[in-house]
Amino acid sequence: MHIERIILGELATNCYIVEKNNNVIIIDPAANFEEIKKVINNRHVIGCLVTHFHFDHIGALKEILKEYKINVNDYDKLTSFNFIVLPTPGHTSDSQTFYFPEEKIMFTGDFIFQNSIGRTDLPTGNFQDMIKSLNNMTIYPDDIKIYPGHGNVTTLGIEKNHFKYYF
Ligand SMILES: [Zn+2]
């Protein structure tokens, strides 16, 4: 599996282009449809995953769905990628993490960042839910790579060390 990051929009949101066996999934089409399209070039897009529906993660969603004739979070079409959808509410009630166990990768959106976690003071945000979601992460291996919605890649092990400040 090959992952490219494009940083898009006024909040510098990470959009990930994930490729496996010549098929591509777009994760969080943040903004700037033309730039995403350019990076994809003429590769075969089979789906689009969204971690949560904040504007800065879905700015180009409509155009992406239309261009590639796909639906958002249409998991049944993406079984060749072998991922698990983990509900991780807290930042928003609809926040979810996409876990690729074979590659040991998680796309966490605005749930977990390098050295921080998502804010919980926005609509549908809930700090108690956030604590529960963080707690649910402690069972997963430390060497999982975290690809967050903003900022750099980190590992779950490093971020677990910070959880104690929130509990
Ligand atoms: Zn958000």
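The structure reproduced in this document is the subject of the present report.

## Considerations on the coordination of the zinc ion
Bound to the zinc ion on the protein side are His52 (NE2), His54 (ND1), His91 (NE2) and Asp110 (OD), at distances that span 2.2 to 2.3 Å. Every donor counted, the four donor atoms about the zinc ion form angles of 89 to 170 degrees at the centre, which fits irregular coordination. Taken in sequence order, the residues that donate to the zinc ion follow the motif H-x1-H-x36-H-x18-D. One end of the pair, His91, is in the loop between strand S5 (84–87) and strand S6 (96–100); the other, Asp110, is in the loop between strand S7 (105–109) and strand S8 (112–113), with 19 residues separating them in the sequence.

## Observations regarding the packing of helix H1 (residues 33–40) against helix H3 (residues 61–68)
The interhelical angle for the contact between H1 and H3, taken along N-to-C directions, is 40 degrees, at an axis separation of 9 Å. One way to sum up the angle between H1 and H3 is to call them oblique. Considering only the axes of H1 and H3, their crossing is right-handed. Together, Phe33, Ile36, Lys37 and Ile40 of H1 and Glu63, Ile64, Glu67 and Tyr68 of H3 make up the contact between the two elements. Considering only residue class, the contact of H1 with H3 consists of five nonpolar, no polar and three charged.

## Some thoughts on the pairing of S7
Judged by how many residues are buried, S7 sits mostly within the fold: five of five residues are covered. Judged from the three bridges that link them, S6 and S7 form a sheet pairing that is antiparallel. Among the inter-strand pairings, Phe100 is bridged to a residue of S7, identified as Ile105.

Quick notes on the rules
Numbering of residues starts from 1 in every chain and runs along the sequence as written. This being a predicted model, a pLDDT of at least 70 is required before a residue's local features are given, and a value of 80 or more before pairs of side-chain atoms are given or counted; all residues contribute to the totals for chains, interfaces and linings. No hydrogens and no water enter the side-chain calculation; it runs on all heavy atoms of the structure. Only nitrogen, oxygen and sulfur atoms qualify as donors, provided they sit within 2.8 Å of the metal or within 3.2 Å for Na, K and Ca; with water excluded from the atoms, sites may seem incomplete. Think of it this way: with four donors and all angles in the 85 to 135 degree range, the site is tetrahedral; with four or six donors, opposite ones beyond 155 degrees and the rest between 65 and 115, it is square planar or octahedral; otherwise it is irregular. Here a strand is any run of E in DSSP of at least two residues, a helix any run of H or I of at least four, and the numbering for each starts at the N terminus. To obtain an axis, a line is fitted to C-alpha atoms, over the contacting stretch when the element is a helix, and the angle between two such axes runs from 0 to 180 degrees between their N-to-C directions. Working definition: roughly parallel below 35 degrees, roughly antiparallel above 145 degrees, roughly perpendicular at 65 to 115 degrees, and oblique for all remaining angles. The crossing is said to be left-handed when, going from far helix to near helix, the turn is anticlockwise and less than a right angle, and right-handed when the turn is clockwise. Throughout, a residue-residue contact means that at least one pair of heavy atoms, one from each residue, lies within 4.5 Å. Throughout, the ten residues Ala, Val, Leu, Ile, Met, Phe, Trp, Tyr, Cys and Pro are labelled nonpolar, Asp, Glu, Lys and Arg are labelled charged, and all others, Gly among them, are labelled polar. Each residue is assigned to one of three classes by its accessible area relative to the maximum for its type, calculated with a 1.4 Å probe on protein chains only: buried under 20%, partly exposed between the two thresholds, exposed over 50%. Only when DSSP finds a minimum of two bridges between them are two strands counted as paired.

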